[in-house]
Structure formats: structure tokens, C-alpha cells
Amino acid sequence: MNISVAQVRSVKGNIPANIEIHKRTIAVAADYKAAAVFFPELSVTGYEPELAEQLATNREDQRFNDFQLLSDNNKITIGIGMPTVARAGIHISMIIFQPHVPRQVYSKQELHTDELPYFVNGDGQLILEAGNQKIAPAICFESLQMHHATTAKALGADLYLASVAKSQKGVDKAMLHYPVVAKNYSIPVLMANCVGYCDNFNSAGKSSVWTKEGRLAGQLDNEEGLLIFDTDTEHVTSRLL
């Protein structure tokens, strides 16, 4: 079964433009018969904490209806990054579309200190089922905390999915941490990073896939593209966009 991660360059604060970028990318993933495609952290707005409050929405936002149609028509799970409104404040969230079922939301449970002025923590780990895989989403900072992966594995995850917005420094940390997660828990790790300038840093790309043995199986550079991971063979296909 194919699971894909997308590396895109979001337009700062421009939701309509970013929706179109996502739709084009999903179409490519569908061409590769991907059972799922996941995007970087806050991909629909760009990683822009100072804009999050004015851009935040909820899972039922009608602007996302095309994602549900794409999911239904292509039998594909889609995970997009979006700030969402919560009772206590704004969450950094992944809105998930699956064929013919209600939308779900996973919200980042552990925030970096720089994010605390803008966001509040989410509550509870989500385990997604796509095809024959149970997927544990993680969002950026929390994915570098080993206990997050420990919880995901205990909940039965077959695959660990890190949706991130990382500078080169953050990517360097990821390149050390994620192979350990993969090897320790015998679980593939997929990282979807963005490219381009966001917030106050340049996102470095390098979206990657590690096999359950901790081997780096595929990686993009700093261009927009897709990595498609075959969960049966552990082969990775790269496709530039």
C-alpha cells in the first residue's frame, strides 16, 4: 500500500491559493494510487503564528469541501495543516478527510515555547486507519519527544507521520531523532516538511522516509514534491511537482 507525504511551498496567509496547491498535489498522489497523503504543519495558511487567530476555522469549513470530494472519489485519506478554533484558544491542527466518513481533527498536544503566545495544546492522540495501516500523526515539536512515539506505538500504530515546519536546524535534529524512533519501535517514520520562508525562518524541506529498521529510504531536497512509500516493499518513489 502506498502512503505519501507532500512537500509544498505555501503562500503566506492565502487560503484559496493554498487550497489549489493542495488539490493539485492530491491529484498527483492519487495517480500513484496512494491510500493517504499528508501535508506539512499549517500547510493551508503557511506556518504563520501571528496570522493564526484571524485565519483559524473549524473542520466543517465549506472551503474544504473539495478535499472531501477528492477523498471520496479517489479513496484516499488526506491530512491538511490548519489552525482551528477551540474553546480555550487556537490549535495547530491537522484536518483529516477520509472516504465517506465525517472529518476528523488531530491537534498538536505539545507546543514549542515560541508558540505559546498564539496557540493552546491539543488533547489526545489520534490513530488513523488507511487501508491496512494504523497511522499516528504527530505535529513538529512533539514528534521530537520520544514519549509521543512511545504512546503512538502503545496505541497500535503501524506508521508514524510527522507533519512539520522546520528550519535547517530543526531538520538536523529530525535526522538524528526519527531513525531512532523507527528502529526502537520497528515502525516506519514519514516526515512532511514545507519549503520557503515562513514566520521568521526559511523552511528547509528534506521531507524524508525511514524504514522500520531506521534506514533512510527516500528524501527530497528543497523543491516541491511527493514521496510515495510502499508499506509492503519499503520502496520510496520521489516525484517533483
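Residues numbered from 1 in each chain as written. Predicted model: local features only at pLDDT ≥ 70, side-chain atom pairs only at ≥ 80, totals over all residues. Heavy atoms only, no water.

Under the counting rule described, the total for this entry stands at 6 aromatic pairs. With a centroid separation of 6.0 Å and an interplanar angle of 55°, the aromatic rings of Tyr-47 and Phe-201 are classed as tilted. Of this pair, Tyr-47 sits in the loop between β2 (34–38) and α2 (52–55) while Phe-201 sits in strand β11 (residues 201–204), placing them 154 residues apart in sequence. What makes Tyr-47 buried here is its relative accessible area of 9%. (Phe/Tyr/Trp six-rings, centres within 6.5 Å; stacked < 30°, edge-to-face > 60°. Helix = DSSP H or I, 4+ residues; strand = E, 2+ residues; numbered from the N terminus. Buried < 20%, exposed > 50% of the residue type's maximum accessible area, 1.4 Å probe, protein only.)

Here we take up the environment of Asp-114. Counting through the fold element by element, Asp-114 comes out in the loop between β5 (104–107) and β6 (128–130). Take Asp-114: its relative accessible area is 56%, and that puts it in the exposed class. Measuring from C-alpha to C-alpha, the distance between Asp-114 and Pro-49 comes to 9.2 Å, with 65 residues separating the pair along the chain.

This part covers the pattern of salt bridges. Tallied over the entire structure, the rule returns 8 salt bridges. Salt-bridge contacts for Glu-213 lead to Lys-212; the nearest nitrogen and oxygen are separated by 3.9 Å. Residue Glu-234 pairs with Lys-212 through a salt bridge whose shortest N-O separation is 3.3 Å. Of this pair, Glu-234 sits in the loop between β14 (225–230) and β15 (236–240) while Lys-212 sits in the loop between β12 (208–210) and β13 (216–219), and the two are 22 residues apart along the sequence. Owing to a relative accessible area of 10%, Glu-234 belongs among the buried residues under this scheme. Residue class for Lys-212 comes out partly exposed when judged on its relative accessible area of 34%. A single network of salt bridges, built from pairs that share partners, joins Glu-20, Lys-23 and Asp-66. (Salt bridge = Lys/Arg side-chain N within 4 Å of Asp/Glu carboxyl O.)

Our next topic: the sheet that holds strand β4 (residues 89–97). The strand order β5-β4-β3-β2-β1-β14-β15 describes an open sheet built from 7 strands, whose pairing is mixed. Here the strands that pair on one side only, and so sit at the sheet edges, are β5 and β15. Strand after strand, the sheet turns through a mean of 25° between neighbouring axes, direction not considered. Inspection of the sheet shows strand β1 (residues 2–7) paired to β2 by 4 bridges, in the parallel sense. Its bridge partner lying in β2, Ser-4 is registered against Val-37. The sheet strands contacting helix α3 (residues 65–74) are β3 (77–86) and β4, and the helix crosses β3 at an angle near 155°. (Pairing = 2+ DSSP bridges. Axes fitted to C-alpha atoms, helices over the stretch in contact; angles between N-to-C directions. Contact = heavy atoms within 4.5 Å.)

Moving on to the side chain of Ser-4. Relative to the elements of secondary structure, Ser-4 occurs in strand β1. A distance of 2.9 Å separates the side chain of Ser-4 from the backbone oxygen of Ala-36, its partner in a polar contact. With sequence-adjacent residues up to four places away left out, Ser-4 is seen in contact with Ala-29, Ala-34, Ala-36, Val-37, Phe-38, Leu-226, Leu-227 and Ile-228. (Polar contact = N/O pair within 3.5 Å; in protein donor to acceptor, adjacent residues only side chain to side chain.)

Remember, this is a structural readout, not a statement about activity or role.
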